[in-house]
Amino acid sequence: MRESEKYPVKVFLGGRDCGKTTFAVGDNKIGVVGDVPAKVKEQNLKGVIVIDTMRERTTYAQVKKIEHPQQYKSGAVHLIVNTKNCDELVQWICDNVRDTYILFEDAVKIIPQSIRGTAYDAIIVDSKNIHCPITFIYHTWMDVPKGFYSKVDVIEIFKVRQHPVRRKEDISNYEEVVEVYERVLKNENPFYHESVNIGA
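These notes cover the structure that comes with them. Note that this is a predicted model, so its numbers are computed, not measured.

Thresholds applied
Residues numbered from 1 in each chain as written. Predicted model: local features only at pLDDT ≥ 70, side-chain atom pairs only at ≥ 80, totals over all residues. Heavy atoms only, no water. 1 Å grid on protein atoms, 1.4 Å probe; cavity = no way out; pocket = protein on both sides within 12 Å on 5 of 7 lines; lining within 4 Å. Points joined across faces, edges and corners; volume = space filled by probe spheres on them. Helix = DSSP H or I, 4+ residues; strand = E, 2+ residues; numbered from the N terminus. Nonpolar A, V, L, I, M, F, W, Y, C, P; charged D, E, K, R; others polar. Buried < 20%, exposed > 50% of the residue type's maximum accessible area, 1.4 Å probe, protein only. Pairing = 2+ DSSP bridges. Right-handed = clockwise from strand over helix to strand, strands pointing away.

**Notes on the layout of surface pockets**
Then, number 1: There is about 700 Å³ of room inside the largest pocket.
Then, number 2: Lining the largest pocket are 25 residues; nearest its centre among them are Thr 21, Thr 22, Val 25, Arg 57 and Thr 59.
Then, number 3: A total of four residues in the lining of the largest pocket trace back to one element, the largest contributor, which is helix H2 (residues 20-25).
Then, number 4: Its residues placed into classes, the lining of the largest pocket shows eight nonpolar, nine polar and eight charged.
Then, number 5: Secondary structure elements with two or more residues in the lining of the second largest pocket: helix H1 (3-6), helix H3 (35-42), strand E7 (154-157) and strand E8 (194-197).
Then, number 6: Examining the composition of the lining of the second largest pocket, we find that four residues originate from one element, H3, more than from any other.

**Things to note about the pairing of strand E6 (residues 134-138)**
Then, number 1: Among the five residues in E6, five count as buried, and that is most of the element.
Then, number 2: Burial of the side chains of E6 extends over both faces: Ile 134, Phe 136 and Tyr 138 are buried on one face and Thr 135 and Ile 137 on the other.
Then, number 3: When strand E1 (residues 9-13) meets E6, the two strands line up parallel, connected through five bridges. Its bridge partner lying in E6, Val 9 is registered against Ile 134.
Then, number 4: With three bridges connecting them, strand E5 (residues 100-104) and E6 associate as parallel partners. Note on E6: the bridge partner recorded for Ile 102 is Ile 134.
Then, number 5: Tracing the backbone out of E5, into helix H5 (residues 119-126) and back to the parallel element E6 gives a crossover that is right-handed.

Laid out in C-alpha cells, this is it:
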C-alpha cells in the first residue's frame, strides 16, 4: 500500500445535511462505520483529533473537549480553536503529533484562502512522514483554497449545487471529477457520495 493510501489527505465536499460528517465519523444507529474509525483501525493509529471552531456540535457531544493539542494522548478529542490561535495549534500538531487522524470540521472557518508557507501547508506536506491521515470538510468547491487541490489525494464528493468548473484550473483530472460530480448529483439518494483520486 502506498503512503498516499495509508495516510491520505482528503477533502469531503458537499452541501449541508448531505452526510459528510456521518460518513467521516460513523453512526452506529444506522450502521455507518465511518472513514475515520476505519482508518484508525486499519493503520493502528493512536486516535483522532477533530479540529473545530464550534464547541456545541452535537456529533461530538460525547467526545472529550480540549483547548490545546498538548492535552491529547490517544483516543478521540475535539480540539476547539479560534481564528487567532489555530495556526499556532496546527503547527504544534505538525511538530509533535504522530500516528493520529486529523479531521478539520467545517474547514472554511479555519483554513485561510492562501495556505502557502502556513502551518496548514506544512501539515499537509508532512502528513505521510508523521503518519497522520487528514480530512478537510468543506461545503463548496470555492470554499477550498486556490491551489489546495494539488496537495490532496482524494475528494469525497457529496451533493453540492456549485459546479466544479469554479476550480477547473486547480484540478488535474478535472473531467473525471465532473463525471463523478454529475453522477452524485443525479442519484436520488440524498446521502449518496463517491470518491475520486486526484493525487499523483
